[in-house]
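Read off the chains here:
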Amino acid sequence: MFTDRVLSGMRPTGRLHLGHYHGVLKNWVELQHQFECLFFVADWHALTTHYDTPEIIEQNVWDMVIDWLAAGVDPAQATLFIQSRVPVHAELHVLLSMITPLGWLERVPSYKDQQEKLSEKDLSTYGFLGYPLLQSSDILIYRANRVPVGEDQAPHIEFTREITRRFNHIYGKEAGFKEKAESAIKKLGSKKSRAYRELRNRYQEQGDDGALAAAKSLLDEQQNLSMGDRERLFGYLEGGGKMILSEPEAMFTHAAKMPGLDGQKMSKSYNNTIDLREDPDSVTKKIRTMPTDPARVRRSDPGDPTKCPVWQFHLVYSNDKMQDWVQQSCKSAGIGCLECKQPIIEAVLAEQKPMHERARMYEEDPTLIRNIIADGCEKADKLAQETMRDVRDAMGLNYS
Ligand code: TRP
Ligand code: SF4
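Residues numbered from 1 in each chain as written. Chains lettered and ligands numbered in written order. Predicted model: local features only at pLDDT ≥ 70, side-chain atom pairs only at ≥ 80, totals over all residues. Heavy atoms only, no water.

*Asks:* Looking at this model, I keep getting lost on the packing of helix H15 (residues 309-317) against helix H16 (residues 320-331). Mind explaining?
*Replies:* In helix packing, the relevant descriptors are the interaxial angle and the interaxial distance, both defined with respect to the helix axes. For the pair H15 and H16, the least separation of the axes is 9 Å and the interaxial angle reads 165 degrees. The angle between H15 and H16 falls in the class roughly antiparallel. Note that H15 runs across H16; the crossing there is left-handed. Taken together, the residues of H16 that come into contact with H15 (itself represented by Trp311, His314 and Leu315) are Met322, Gln323, Val326 and Gln327. Considered class by class, the residues forming the contact of H15 with H16 number four nonpolar, three polar and no charged. (Axes fitted to C-alpha atoms, helices over the stretch in contact; angles between N-to-C directions. Helix = DSSP H or I, 4+ residues; strand = E, 2+ residues; numbered from the N terminus. Parallel < 35°, antiparallel > 145°, perpendicular 65-115°, else oblique. Left-handed = near helix turned anticlockwise from the far one by under 90°. Contact = heavy atoms within 4.5 Å. Nonpolar A, V, L, I, M, F, W, Y, C, P; charged D, E, K, R; others polar.)

*Asks:* Just checking my understanding: could you explain the side chain of arginine 5 for this structure?
*Replies:* Tracing the backbone shows arginine 5 in strand E1 (residues 5-10). A relative accessible area of 14% means that arginine 5 is categorised as buried. Within the structure, arginine 5 has its side chain in polar contact with the side chain of glutamate 36 (distance 3.1 Å). Excluding residues within four positions of it along the chain, arginine 5 makes contact with Glu36, Leu38, Tyr142, Arg143, Ala144, Asn145, Arg146 and Leu383. (Buried < 20%, exposed > 50% of the residue type's maximum accessible area, 1.4 Å probe, protein only. Polar contact = N/O pair within 3.5 Å; in protein donor to acceptor, adjacent residues only side chain to side chain.)

*Asks:* I'm lost on the site of ligand 2 in this one. Help?
*Replies:* Looking at ligand 2, the residues that line it are Thr292, Asp293, Arg296, Cys308, Val310, Val326, Cys330, Cys337 and Cys340. For the shell around ligand 2, the secondary structure elements donating two or more residues are H16 and helix H17 (337-364). Residues that form the shell around ligand 2 fall into these classes: six nonpolar, one polar and two charged. (Near = heavy atom within 4 Å.)

*Asks:* Please explain the domain arrangement of the chain as it appears in this structure.
*Replies:* Interface extent is often summarised as the accessible area lost during association of the parts. Assigned domains of the chain: these are domain 1 (5-172 + 246-256 + 366-394), domain 2 (177-237) and domain 3 (277-363). Relative placement of domain 1 and domain 2: their C-alpha centres are 31 Å apart. (Domains from an automatic or database assignment.)

*Asks:* In this structure, what is going on with the nonpolar core? I would like to understand it.
*Replies:* Grouped burial of nonpolar side chains is what soluble globular proteins tend to show. The biggest cluster of nonpolar side chains holds 74 residues, and the ones touching the most others in it are Leu25, Phe39, Trp68, Leu80, Phe81 and Tyr142. Looking at this core element by element, the count peaks at ten residues for helix H3 (residues 54-71). Both domain 1 (5-172 + 246-256 + 366-394) and domain 3 (277-363) contribute no fewer than three residues apiece to this core. With residues up to four places along the chain from it excluded, the contact list for tryptophan 68 reads Met10, Leu16, Leu25, Trp28, Phe39, Phe40, Val41, Val73 and Leu80. Formed by 19 residues, the second largest nonpolar core is a distinct cluster that contains Met290, Cys308, Phe313 and Cys340. (Core = buried A, V, L, I, M, F, W, Y, C linked by side-chain atoms within 4.5 Å.)

*Asks:* Would you explain the site of ligand 1 in this entry?
*Replies:* Taken together, the neighbourhood of ligand 1 is formed by 14 residues, with Arg11, Tyr131, Gln135, Asp138 and Gln153 sitting nearest. Interatomic distance of 3.0 Å between a side-chain N/O atom of glutamine 135 and a nitrogen atom of ligand 1. A distance of 2.7 Å is found between a nitrogen atom of ligand 1 and a side-chain nitrogen or oxygen belonging to aspartate 138. A total of 370 Å² of accessible area belongs to ligand 1 in isolation, and the protein chains cover 88% of it. (Areas by Shrake-Rupley, 256 points an atom, 1.4 Å probe, with all protein chains shown as cover.)

*Asks:* Explain unusual backbone geometry here, please?
*Replies:* With a phi angle near 50 degrees, arginine 143 is a residue other than glycine that sits in the positive phi range. Position of arginine 143 among the secondary structure elements: in the loop between helix H8 (131-140) and strand E4 (146-149). At asparagine 271, a position not held by glycine, the phi torsion is positive, near 55 degrees. Structurally, asparagine 271 can be placed in the loop between strand E5 (249-252) and helix H14 (280-288).

*Asks:* Teacher, can you tell me more about the packing of aromatic side chains here?
*Replies:* Between two aromatic rings, the relevant description is the distance of the centres plus the angle of the planes. Under the criterion given, the structure shown has nine aromatic pairs. Look at tryptophan 28 and phenylalanine 39: their rings are 4.1 Å apart centre to centre, the planes differ by 0 degrees, and that puts the pair in the stacked class. Taken together, the residues span a long stretch of sequence, with tryptophan 28 in helix H1 (residues 18-34) and phenylalanine 39 in strand E2 (residues 36-41) at a distance of eleven residues. The pair tryptophan 28 / phenylalanine 39 is uniform in exposure class, with both members buried. By the ring-pair criterion, three or more aromatic residues cluster together here, those being Trp28, Phe39 and Trp68. Here the guanidinium or amino end of arginine 200 rests over the ring plane of tyrosine 236, the centre of that ring lying 3.6 Å away. Above the face of the tryptophan 62 ring, arginine 370 is positioned so that its terminal group lies 3.9 Å from the ring centre. (Phe/Tyr/Trp six-rings, centres within 6.5 Å; stacked < 30°, edge-to-face > 60°. Lys NZ or Arg CZ within 6 Å of the ring centre and 35° of its normal.)

In structure tokens:
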């Protein structure tokens, strides 16, 4: 139950481009080999800002999943699903809303920031205010403890941690907690009980985080504890009461920002993107017509790579030798800009080739994608229902 599980979501608001590939998807592909991973299409999150253009979301859902698979996300390794097809996310959202102070939501920086940035939209809605809590529900419903996100999402993860502590604080208290925890320790067997107590003391008396981690992994290995006892023993380590929900941690990707065709960060809103599955002719044309150092008007004018977006691409795609060649021959006017762009064109096309290949069968037969998602939704729902049982229980909703 408390083993490493990775969860992340993406809003289907446009076609994915190479910025998504270098910033997010490459990382997902690596993670799927290291951890149990769940990746989902955050269509409800997209509706919080695009409620008046649902057709945009509809268009992008399936294409986005094909882009994931094209990038190398493997449905045999990771569970892929659509948020709205696992409706218990909404049930957890409504239950958590009962204990969520309005002020906590109003203070999340993205609330005001996005309202200002997207000022043409009316984002003074209940749904948009609740965005971070919906995100918390996505994470907590799978007891995911690792959440790969961009730096901009850090406040949402912090918010989730606070909600988790509040939930456990309110609902983790039970009559006779200490006695129940003590009797759960005995069920570990004499050797493990002793180890658990020792580690707990070391953590509580000396604040030894290593001891806490060791005690948690000791509990992870126990197959025959009941769910309730396990939660008690986790909670007892840190004091308090039962840990019904577990606090997630953000995993930040340290990928360098992918430059766009104009040298700014690649982004749909700057209109400077190369799509993940863009057709090779169009890619070639875009790179050939990309701006270069504006001071380099004639072929005989020396250039300065630091003032040139093409150089940014060489930093992403070229080895040291190629980079030296660019530096020298640009500054000495030894090459023309088209010559300098050629290796970039080749590198981008080479990167995209396997993506086109992987995508082809899904493009030709849409039922494949539908089946992958149906399968993922079913798996996700099963995991989510386990948590919901505990949450309903804790909140007094398991009527018999
Ligand atoms: N808010 C995230 C973003 O805009 C998307 C998202 C929704 C998400 N729910 C999530 C990411 C849960 C990680 C975990 O990028
Ligand atoms: Fe940019 Fe290369 Fe032209 Fe120099 S030679 S200005 S780096 S495109």
